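Each chain, written out:
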Amino acid sequence: MRREQDMHKPQAAATVIGHRQAPVAASRVPHSESIRTAGAATVAVGPSRGVLKRSTASAAPRGVNPKQAAVPKTVGVGASRRKPWDLKGKVNDMEDKIRNFQTKARSVNEEMEALKGSLSHSQSRVSQMEKEVEQQRSQISKYEIELQALSHVRQELEKVSSDKSFLQKELSNLEEKYKVMETLRDSQETELQALKMKLSVQESTMTRLQSTLRDREEEVHSLKEMVAEQKEELHTGEMERRRLHNTIQELKASQRSPGNIRVFCRVRPLVSGGLSKHIQLPASDDKSIVLAKTEESHTGKVADTQKNYNFSFDRVFGPQASQQEIFEEISLLVQSALDGYNVCVFAYGQTGSGKTYTMEGEEYDDTRGVIPRAVQQVFKAGQKLAAQGWEFTFTASFVEIYNETLRDLLYTGKASKRPEHEIRKMASNEVTVTNLTYEKVYTEDQVQGLIAVAKRNRSTAQTSQNDRSSRSHSVFQLHIEGVNAGRDVTCKSTLCLVDLAGSERMMKSQSQGDRFKEMTAINSSLSNLGIVITSLANKESHIPYRNSKLTYLLQGCLGGNSKTLMFVNISPESDSFGETLNSLRFASKVNDCVIGTASSNKK
Ligand code: ADP
Ligand code: MG
């Protein structure tokens, strides 16, 4: 647009007529400048009224007729010299002037046309340029978008380069590590070499040892075979021992009478400590006892007569015999129980004769009786047999039979809830008692504890009924079960240790009511015991086990398949003479019994 203004300037300059200005060489002026030059010529003519120079004509714009331009040449000269009267000349001058102006106007018009053409040209150029500008703008916006895209790319690039530098660092780290690893690998390789060497040495040692091991294994194998053979021999030996043990006992029993019932007599010491005259124990013989009764002469003229009652048993123990000595004699029987024979040990005798002392004894080691010692032996023997593959379980029960009623002596519950018991015979001929405590025992202490519980149970009963323990039988039973899994052998037996009720006979006149009932019960059960033993001895078809609770309970332990030992306990006091005689007679009757030959419960 500025250009456009510049282009109009010459036109405006042309209108300022009469302004004196030196003409400019036309040849050097561009097309547009030439227009101004024409204007300047016009200016020069007016005010100066001078002569038009030739140069003006030559400088006339294109399109201006040079002839027309040359006209004023004479006019100017004539006018300045015209005489005031020369009107015609003056008119001519005027006409010249007019012509001059007309020419001028034409040139101006031409100039105008030229300018118009130039203007439209310029306008078209301007619009073209506008278009160009527009194009360039769109181009610029395109470039801007591209630039934006490029800035993203740049950011990406920056990120990539930072990543790269990070990765380079990593790489250098890894390279360092790699170097370290390489050195490590090298050292390990040397180590490996050393180890390989060692290994090969050890491998050769190992082959050597393996061959030694094979030799040893063969040795062990042959030794094992030897051990097995020896075990077999041992087992055969053990079986032989049992057989011989049994034979010895049978022989012992048959020294007096054949059979399996043996009777020991034990005389209690006098409470005062002195000697009792009516009981004589021959020093040379430990199997005899003499009961002597001196009958005073009624007349006094003849000497007193003495009546002797001789008895002999399997053993007779005097008042000095210790609990240990007693047990040594019966320990063989206890061994039989472990070998699978049922064993019954009874203590028979009048109240106060020492039955409980013999069976239970007292708390201290020396005074301990048959039950704790037997249990101790059973446990010890069981442990020894374990080495030969035997495994034993022991179950204990303790029952009191009072007035033909059973009472559990191991019961520890409330007295009001004490259950009733019944004796049941199983299909296997084994006898069990309902609701009875059967306690598994593992140690001697445990058995001692059970004896204590039994004592407490008996003493509570005693407070309500005086001296009840002497009026009841107490039966301790240890059920033994042995398994030799390796040899597929089992054995089962019961060790019964019975403290019988007092055997004293009471005068019928002395006993009434409950006492009479009690007495009858005791008498009948003791006499039934005698009858059962005798019936067994006589091999009678019917054995009256069921006649009393005692024999019914013990039926499995009496008879053919059992070994029986009876202690007959004697009170040494002279006033017990009658009872002692009764006891010895009863025991003799039992001792004369032959109850077949026992066979063990081995399967
Ligand atoms: P029982 O049970 O037959 O009624 P006990 O065993 O209770 O008789 O004995 C009565 C008393 O005699 C007890 O005080 C007991 O300690 C004592 N006695 C029994 N036998 C012996 C003995 N061999 N040595 C020492 N004292 C004994
Ligand atoms: Mg007693």
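Just so you know, these numbers come straight off a predicted model, no measurement behind them. (Residues numbered from 1 in each chain as written. Chains lettered and ligands numbered in written order. Predicted model: local features only at pLDDT ≥ 70, side-chain atom pairs only at ≥ 80, totals over all residues. Heavy atoms only, no water.)

Here we take up a nonpolar patch on the surface. On the surface, Leu147, Leu150 and Val153 cluster together into a nonpolar patch covering about 300 Å² of accessible area. If you trace the backbone, Val153 turns up in helix H6 (residues 87-254). (Patch = residues over 30% accessible without salt bridge, like charges linked within 9 Å, V, L, I, M, F, W, Y side chains within 5 Å. Areas by Shrake-Rupley, 256 points an atom, 1.4 Å probe, with all protein chains shown as cover. Salt bridge = Lys/Arg side-chain N within 4 Å of Asp/Glu carboxyl O. Helix = DSSP H or I, 4+ residues; strand = E, 2+ residues; numbered from the N terminus.)

On to the site of ligand 1. Near ligand 1, the surroundings consist of Arg266, Arg268, Pro269, Gln350, Thr351, Gly352, Ser353, Gly354, Lys355, Thr356, Tyr357 and Glu362. Interatomic distance of 2.7 Å between a backbone N/O atom of Gly352 and an oxygen atom of ligand 1. Taking Glu362, its side chain carries an N or O atom lying 3.0 Å from an oxygen atom of ligand 1. With the chains in place, 67% of the 550 Å² that ligand 1 exposes on its own is no longer accessible. When residues in the shell around ligand 1 are grouped by element, the largest group, three residues, is from helix H8 (residues 355-359). The class makeup of the residues in the shell around ligand 1 is two nonpolar, six polar and four charged. (Near = heavy atom within 4 Å. Polar contact = N/O pair within 3.5 Å; in protein donor to acceptor, adjacent residues only side chain to side chain. Nonpolar A, V, L, I, M, F, W, Y, C, P; charged D, E, K, R; others polar.)

Another aspect to go through is the pattern of salt bridges. Taken as a whole, this structure holds 16 salt bridges when the rule is applied. With its nearest N and O atoms 3.7 Å apart, the salt bridge here joins Arg216 to Glu219. Residue Arg216 and its partner Glu219 are located together in helix H6, separated by three residues, close to a single helical turn. Exposure remark for Glu219: the relative accessible area of 42% places this residue in the partly exposed category. Among the ionic pairs, Glu329 bridges to Arg315, the shortest N-O distance being 3.5 Å. Of this pair, Glu329 sits in helix H7 (residues 323-338) while Arg315 is found in strand S5 (residues 315-317), placing the two residues 14 residues apart along the sequence. On the basis of relative accessible area, Glu329 is assigned to the buried category, the value being 19%. Take Arg315: its relative accessible area is 17%, and that puts it in the buried class. Linked through salt bridges whose partners overlap, the residues forming this network are Asp286, Lys287, Arg315 and Glu329. (Buried < 20%, exposed > 50% of the residue type's maximum accessible area, 1.4 Å probe, protein only.)

By size, the foremost hydrophobic cluster in this structure holds 49 residues, and its most contacted members are Ile289, Phe313, Phe346, Leu554, Leu558, Met566 and Leu584. Membership of the second largest hydrophobic core comes to 43 residues, among which are Phe264, Val375, Phe379 and Trp390. (Core = buried A, V, L, I, M, F, W, Y, C linked by side-chain atoms within 4.5 Å.)

Helix length check: H7, at 16 residues, gives a terminal C-alpha distance of 22 Å against a target of 22 Å (1.5 Å per residue), a fit within 8%. At Ile330, H7 shows its maximal kink, close to 40°. With twelve of 16 residues buried, H7 lies mostly within the body of the structure. All buried positions along H7 are accounted for by Gln323, Ile326, Phe327, Glu329, Ile330, Ser331, Leu333, Val334, Gln335, Ser336, Ala337 and Leu338. (Expected span 1.5 Å × (residues − 1). Bend = angle between axes of the 7 residues up to and from the residue.)

Here three strands make up an open sheet; going across it, the order is S2-S3-S4 and the pairing antiparallel. Only two strands of the sheet have a single partner each, and these edge strands are strand S2 (279-280) and strand S4 (305-312). Relative to S4, strand S3 (residues 288-295) runs antiparallel, the two sharing eight bridges. The residue of S4 that forms the bridge with Leu291 is Tyr309. Against the sheet, helix H13 (residues 577-591) contacts S3 and S4, and its axis sits at roughly 35° relative to S4. (Pairing = 2+ DSSP bridges. Contact = heavy atoms within 4.5 Å. Axes fitted to C-alpha atoms, helices over the stretch in contact; angles between N-to-C directions.)

According to the stated counting rule, one finds nine aromatic pairs in the structure shown. For the pair Trp390 and Phe392, a centre-to-centre distance of 5.9 Å together with 15° between the ring planes defines the contact as stacked. Ring pairs connect the aromatic residues Phe379, Trp390, Phe392 and Phe394, which therefore count as one cluster. The lysine or arginine in question, Lys563, covers the ring of Tyr341, its NZ or CZ lying 4.5 Å from the ring centre. (Phe/Tyr/Trp six-rings, centres within 6.5 Å; stacked < 30°, edge-to-face > 60°. Lys NZ or Arg CZ within 6 Å of the ring centre and 35° of its normal.)

Burial analysis of strand S14 (residues 562-570) places nine of its nine residues in the buried class, which makes it a mostly covered element. Burial along S14 is two-sided: the face carrying Ser562, Thr564, Met566, Val568 and Ile570 and the face carrying Lys563, Leu565, Phe567 and Asn569 are both buried. Sheet topology note: the strand S1 (residues 261-267)/S14 ladder contains seven bridges and is parallel. Within the sheet, the bridge partner assigned to Val263 lies in S14 and is Met566. Alignment of strand S6 (residues 342-349) against S14, held across eight bridges, turns out to be parallel. In the sheet register, Asn342 faces S14, and the bridge partner there is Ser562.

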